[in-house]
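# A structural walkthrough
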Amino acid sequence: MDGGISETRPKWRKVAYGGMQPGFDDNHTDDLFLEDMVMNANVVKSELLKVMQDSVSISQYLCIVTLVGLVWTYTLQSNLDENSLLLLDATLLGLGFLVLLLTEEMLSLNQLTYYILNIAFFATGLYVLAPIYQTLTRSISSDSIWAVTVSLIILHLFLHDYSGSTVRASGALKVPNLTSFVSLNASIVASVFVASRLPSRLHVYAVMLFSLQVFLFAPFVTYCIKKYSSRLHLMVSFVLMAATLALLYRLHPQLFVLFLGLLVFVSVVCPYWLIRIQEYKFEINGPWDEAKLCFNITD
Amino acid sequence: MANQKHRILMVSDFFYPNFGGVENHIYYLSQCLLKLGHKVVVVTHAYGNRSGVRYMTGGLKVYYIPWRPFIMQNTLPTLYGTLPIIRTILIREKISLVHGHQAFSTLCHETLMHARTMGYKVVFTDHSLYGFADIGSIHMNKVLQFTLADVSQAICVSHTSKENTVLRSGVPPEKVFVIPNAVDTTMFKPASERPGGSEIVIVVISRLVFRKGADLLVEVIPEVCDLFPNVRFVIGGDGPKRVRLEEMREKHSLQDRVEMLGAVPHSHVRSVLISGHIFLNSSLTEAFCIAILEAASCGLLTVSTRVGGVPEVLPEDMAVLAKPDPGDMVQAIRKAISLLPKIDPQVMHERMRKLYDWRDVAKRTEIVYDRAMKCPNQSLLERLSRYLTCGAWAGKLFCLVMIIDYLFCCLLQLWQPAEDIDEVPDVAGWNRQEGDDFRSFSEN
């Protein structure tokens, strides 16, 4: 092809109208091809330290669930009597409210009475239902109960919403999704199963109240702490980790090693892994993408 | 070689009595190919009690194969379930080339696979755009990659669509042709007299869904009504977002200025269009947008979002484009209103007649068919090696699917040899009718 021809040749345009462009086949691929493609425009480089800090929420919740498991074990071994359990319940409730009062500036007297009324209803209902829970699984062997409980707790941990809380403060923006409800229900069923193995009604009541308090409200309380100050959040998490590890060591050194390994995996190995696989991330954007609306749709 | 007559099988899940861009495309392309002397047969799935063989205008034969659609007018993907009937149709009609339409038609993908197994040349037209991020798109793109790994030639409806298809499926760009849709300008003529008065009517005709930008309309309409007291809106179409539009109408008390027509049958689209001055398209994604062509052909000035292939559709002076953002859209409408006195619908219509013609589309598609027929025949092993390059796991899976299809095909050949299948005699004279009249789309 000599220069003279290419000069007289009309320029190819990226248009669809006007039929076939003279001098060009329909499968002509111009230099302009894919010029509007953007690669990896929105990829955020994450830092190891930041990811590790974020992973603390997961470790913290793992500790909370392990502590619940420990309380269950001690109760089943009759190391904890019902009175100390009830004392524990009351302390936790008081602590929870204290945290809410200190962190939530929006908490009014009205809301507080609303919470207290609800919890009173809840506690009474549970007390009435305790005899039913006690005999609920009498015909089922203990082995099956343990197996199901462990699987339910694992399911709970897998589906748990670590970034927010299922029980939310009024006016919170994020709507909890289906998996977090499944997760919450799994934990509640697990507590019922454990409670049904206990010797007396008061035991059942105390353990149920304890488990429900933790599973329902602990994510909410930790969420409030995290929102209030990330430093406090880290401190609380480390205290919880230390307490859990100490109690586990007293129960069984092997469990201690296992849990320590899990914590290291969650807060060191996984973040490192995530950073490593970041480089395989490949995002393509271009004019074919669905346009994003720049305003909120309020249905 | 250029005058070689093809025997073409068009296949898609989407065909009349359904309505839309793909359905229109297949119908008009088939009609024009018939006029050029090719034989065209359409295969689609049964619609309601419309099952079996039907003839449409110009002797266009349509097979409504008795498979029920299960979701969004798609047949249930069974991989091999359609092989016997497709094989029979291919042999009966002495087909030389198979042309599939639309990337989310399962019938199209299955038929193209069977046709390749039986050694036919295949052409595929992609009518839509897809992203790369969500799970649905990732799976769809893999299926497209499977089909396109072995097509002889592919067609896209706009340059943006071509870029998208090449990225999604990894086919070499020189195998992909860009042949746009067209519009039947005889059907979309402007009114002999433009609606007079000082009033300006803005027409919207689209399904009222998220992807068509119904939420943008909710923001734009009150603002425009506020700015221009002489503007009135006519909205044709139905969908889940209709409630939001009606809420908007009530909230701003615009009942007398925003008319909602509900779903508009295709035969009434022109009468709605010619009652207005400006056509507003608010799509968030669009490969081509035939609605704009129809509006322009009726002499309306178009205001549209600048998304996908839309900027390629009309010359700059025939449409005002804006970012998909309410403020910019209002500015575009303001500009369109100021341009309006200079627009002559008749002139616009004449320009459209020169820019878009289905006969031109058919001629360009004919070239693609000729190219496809020149592609060398390949043995099964050669073709399998192409599938293997599609991915570590997917490649092997694709190969397995093709091998089973081949074995199934051999089995059918033993059970019902091709020689035993009757061939349909060609009815001569069908396509001898004169004139350009292919309007009777719904006569059947």
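Residues numbered from 1 in each chain as written. Chains lettered and ligands numbered in written order. Predicted model: local features only at pLDDT ≥ 70, side-chain atom pairs only at ≥ 80, totals over all residues. Heavy atoms only, no water.

For chain B, the name recorded in an unreviewed UniProt entry is phosphatidylinositol N-acetylglucosaminyltransferase, with Erythroxylum novogranatense as its organism.

By the naming in an unreviewed UniProt entry, chain A is Phosphatidylinositol N-acetylglucosaminyltransferase subunit C, taken from Erythroxylum novogranatense. Taken from UniProt, the Subcellular location (unreviewed entry) comment for chain A reads in full: "Membrane". On record in UniProt, under Sequence similarities (unreviewed entry), the comment for chain A is "Belongs to the PIGC family." (UniProt positions renumbered as here; feature names shortened; annotations may be inferred.)

### Here's the deal with the overall build of chain B
Each helix and strand counted, chain B has 15 helices and 16 strands in total. Whereas a compact globule of 444 residues would reach a radius of gyration of roughly 22 Å, chain B reaches 23 Å, a difference of no more than 12%. The dimensions of chain B, computed from C-alpha atoms along their principal axes, are 75 × 50 × 40 Å. When each of the 444 residues of chain B is scored for burial, the buried share is 59%. The contacts in chain B between residues at least 6 apart in sequence include a share of 74% that link residues at least 24 apart. (Helix = DSSP H or I, 4+ residues; strand = E, 2+ residues; numbered from the N terminus. Rg over C-alpha atoms; globule rule 2.2 N^0.38 Å. Buried < 20%, exposed > 50% of the residue type's maximum accessible area, 1.4 Å probe, protein only. Contact = heavy atoms within 4.5 Å.)

### Here we look at the nonpolar core
Counting residues in each nonpolar core, the largest one holds 111 residues, and the members touching the most others are Phe15(B), Ile221(B), Leu273(B) and Tyr356(B). When residues of this core are assigned to their parent elements, the largest contribution, 8 residues, is made by helix 1 (residues 21-35) of chain B. When residues no more than four places from it in sequence are discounted, the contact partners of Leu273(B) are Phe188(B), Val203(B), Ile205(B), Phe279(B), Glu294(B), Ala295(B), Cys298(B) and Leu300(B). Grouped together as the second largest cluster of nonpolar side chains are 47 residues, Ala186(A), Tyr205(A), Ala206(A) and Leu216(A) included. (Core = buried A, V, L, I, M, F, W, Y, C linked by side-chain atoms within 4.5 Å.)

### Looking at the packing of helix 7 (residues 201-228) of chain A against helix 8 (residues 230-251) of chain A
Residues and elements named next belong to chain A. Where helix 7 meets helix 8, the axes come as close as 5 Å, and the angle between the chain directions of the two elements is 135 degrees. Judged by the angle between their axes, helix 7 and helix 8 are oblique. Counting all contacts with helix 7, which are made through Ile225, Lys226 and Tyr228, the residues of helix 8 involved are Ser230, Leu232, His233 and Val236. Its residues assigned to classes, the contact of helix 7 with helix 8 shows 4 nonpolar, 2 polar and 1 charged. (Axes fitted to C-alpha atoms, helices over the stretch in contact; angles between N-to-C directions. Parallel < 35°, antiparallel > 145°, perpendicular 65-115°, else oblique. Nonpolar A, V, L, I, M, F, W, Y, C, P; charged D, E, K, R; others polar.)

### Structural notes on the sheet that holds strand 10 (residues 176-178) of chain B
Residues and elements named next belong to chain B. Pairing in this open sheet of 8 strands is mixed, and the strands run 3-4-2-1-7-8-9-10 from one edge to the other. Sheet topology places strand 3 (52-56) and strand 10 at the edges, where each strand pairs with a single neighbour. The sheet shows a mean angle of 25 degrees between the axes of neighbouring strands, taken without regard to direction. Sheet contacts for helix 1: strand 1 (7-11), strand 2 (39-45), strand 3, strand 4 (60-65) and strand 7 (97-101); angle to strand 2, the most-contacted strand, approximately 160 degrees. Packing of helix 5 (residues 159-169) onto the sheet brings it into contact with strand 8 (121-126), strand 9 (153-156) and strand 10, and relative to strand 10 it is tilted by some 165 degrees. (Pairing = 2+ DSSP bridges.)

### Notes on helix 13 (residues 358-374) of chain B
Residues and elements named next belong to chain B. Given a rise of 1.5 Å per residue, 17 residues ought to cover 24 Å, and the 25 Å separating the end C-alpha atoms of helix 13 matches this to within 8%. Of the residues making up helix 13, those classed as buried are Trp358, Val361, Ala362, Arg364, Thr365, Glu366, Val368, Tyr369, Asp370 and Ala372. Where helix 13 is buried, its residues touch strand 1, helix 1, strand 7, strand 8, strand 9 and strand 10. Sitting at the amino-terminal end of helix 13 is Asp357, which places a side-chain oxygen 3.1 Å from the backbone nitrogen of Arg359. (Expected span 1.5 Å × (residues − 1). Polar contact = N/O pair within 3.5 Å; in protein donor to acceptor, adjacent residues only side chain to side chain.)

### Observations concerning the interface of chain B and chain A
Tallying the contact residues gives 43 residues for chain B and 32 residues for chain A. For the chain B and chain A pair, buried surface summed over both sides reaches about 3100 Å², with 62% attributable to carbon and sulfur atoms. Linking chain B with chain A are 4 salt bridges, by the criterion used here. Taking the shortest distance from any N to any O, the salt bridge between Asp26(A) and Arg364(B) comes out at 2.9 Å. The interface formed by chain B and chain A includes 14 residue pairs in polar contact (both at pLDDT 80 or more). Of all the elements in the fold, those that place two or more residues in the side of chain B that touches chain A are helix 5, strand 10, helix 6 (214-227), helix 10 (310-313) and helix 13 of chain B. In terms of residues, the side of chain B that touches chain A owes the most to one element, helix 5 of chain B, which gives 7 residues. In terms of residue class, the side of chain B that touches chain A is built from 24 nonpolar, 6 polar and 13 charged. (Buried area = accessible area lost by both parts, 1.4 Å probe. Salt bridge = Lys/Arg side-chain N within 4 Å of Asp/Glu carboxyl O.)

### Things to note about the UniProt feature "domain: PIGA GPI anchor biosynthesis" (unreviewed entry) in chain B
Summarizing the sequence annotation, UniProt attributes the feature "domain: PIGA GPI anchor biosynthesis" (unreviewed entry) to residues 45-134 of chain B in the numbering used throughout. Between the first and last C-alpha atoms of residues 45-134 of chain B the distance is 29 Å; the span itself is 24% helix and 31% strand.

### Regarding the sheet that holds strand 16 (residues 319-322) of chain B
All names here are of chain B. An order of 13-12-11-14-15-16 is seen for the 6 strands of this open sheet, with the pairing classed as parallel. Either end of the sheet is taken by a strand with one partner, and the two such strands are strand 13 (258-262) and strand 16. In this sheet, adjacent strand axes meet at a mean angle of 20 degrees when their direction is disregarded. Of the pairings in the sheet, the one linking strand 15 (residues 301-305) to strand 16 comprises 4 bridges and is parallel in character.

### Details of the packing of aromatic side chains
Inspection of every chain in the model, using the stated rule, returns 17 aromatic pairs over all chains. Note on Tyr127(A) and Tyr205(A): the rings are 5.1 Å apart at their centroids and 90 degrees apart in plane angle, and the pair reads as edge-to-face. A residue pair is termed long-range when its members are at least 10 positions apart, and Tyr127(A) in helix 4 (residues 109-135) and Tyr205(A) in helix 7 qualify at 78 residues. Relative to Tyr130(B), the ring of Phe104(B) lies with its centre 6.2 Å away and its plane at 70 degrees, an arrangement referred to as edge-to-face. With Phe104(B) in the loop between strand 7 and helix 3 (106-117) and Tyr130(B) in the loop between strand 8 and helix 4 (135-148), this pair connects stretches of sequence that are 26 residues apart. (Phe/Tyr/Trp six-rings, centres within 6.5 Å; stacked < 30°, edge-to-face > 60°.)

### Some thoughts on the UniProt feature "domain: Glycosyl transferase family" (unreviewed entry) in chain B
In the UniProt entry, the feature "domain: Glycosyl transferase family" (unreviewed entry) is given for residues 194-338 of chain B. Annotation note: span residues 194-338 of chain B, helix share 37%, strand share 21%, distance between end C-alpha atoms 17 Å.

### Description of the packing of helix 9 (residues 290-297) of chain B against helix 12 (residues 345-355) of chain B
All names here are of chain B. At a minimum axis distance of 8 Å, the contact between helix 9 and helix 12 shows a crossing angle of 130 degrees. Accordingly, the angle class assigned to the pair helix 9 and helix 12 is oblique. Here Leu293, Ala296 and Ser297 of helix 9 lie close against helix 12, whose contacting residues are Met348, His349 and Met352. Split into classes, the residues belonging to the contact of helix 9 with helix 12 amount to 4 nonpolar, 2 polar and no charged.

### Some words on the pairing of strand 8 of chain B
Residues and elements named next belong to chain B. For strand 8, the buried fraction is high: 6 of the 6 residues fall into the buried class. Bridge analysis of strand 7 against strand 8 gives 5 bridges, and the strand direction is parallel. Of the residues in strand 8, the one forming a bridge with Val98 is Val122. The β-α-β motif built from strand 7, the intervening helix 3 and the parallel element strand 8 has right-handed crossover chirality. Strand direction decides the pairing type here: strand 8 and strand 9, joined by 4 bridges, are parallel. Within the sheet, the bridge partner assigned to Val123 lies in strand 9 and is Gln153. (Right-handed = clockwise from strand over helix to strand, strands pointing away.)

### Describing the pairing of strand 15 of chain B
All names here are of chain B. Summarising burial for strand 15: 5 of the 5 residues are buried, a large majority. Side chains of strand 15 alternate between two faces, with Leu301, Val303 and Thr305 and Thr302 and Ser304 buried alike. Inspection of the sheet shows strand 14 (residues 278-281) paired to strand 15 by 4 bridges, in the parallel sense. In the strand pairing of strand 15, Phe279 is matched with Thr302.

### As for the UniProt feature "transmembrane region" (unreviewed entry) in chain A
Residue and element names in this part refer to chain A. As annotated in UniProt, the feature "transmembrane region" (unreviewed entry) corresponds to residues 58-77, 83-102, 114-133, 145-163, 175-196, 202-225, 232-249 and 255-275 in the numbering used here. Helix makes up 100% of residues 202-225 and strand 0%, and the two end C-alpha atoms of the span are 32 Å apart. With 100% helix and 0% strand, residues 232-249 has end C-alpha atoms that lie 26 Å from one another.

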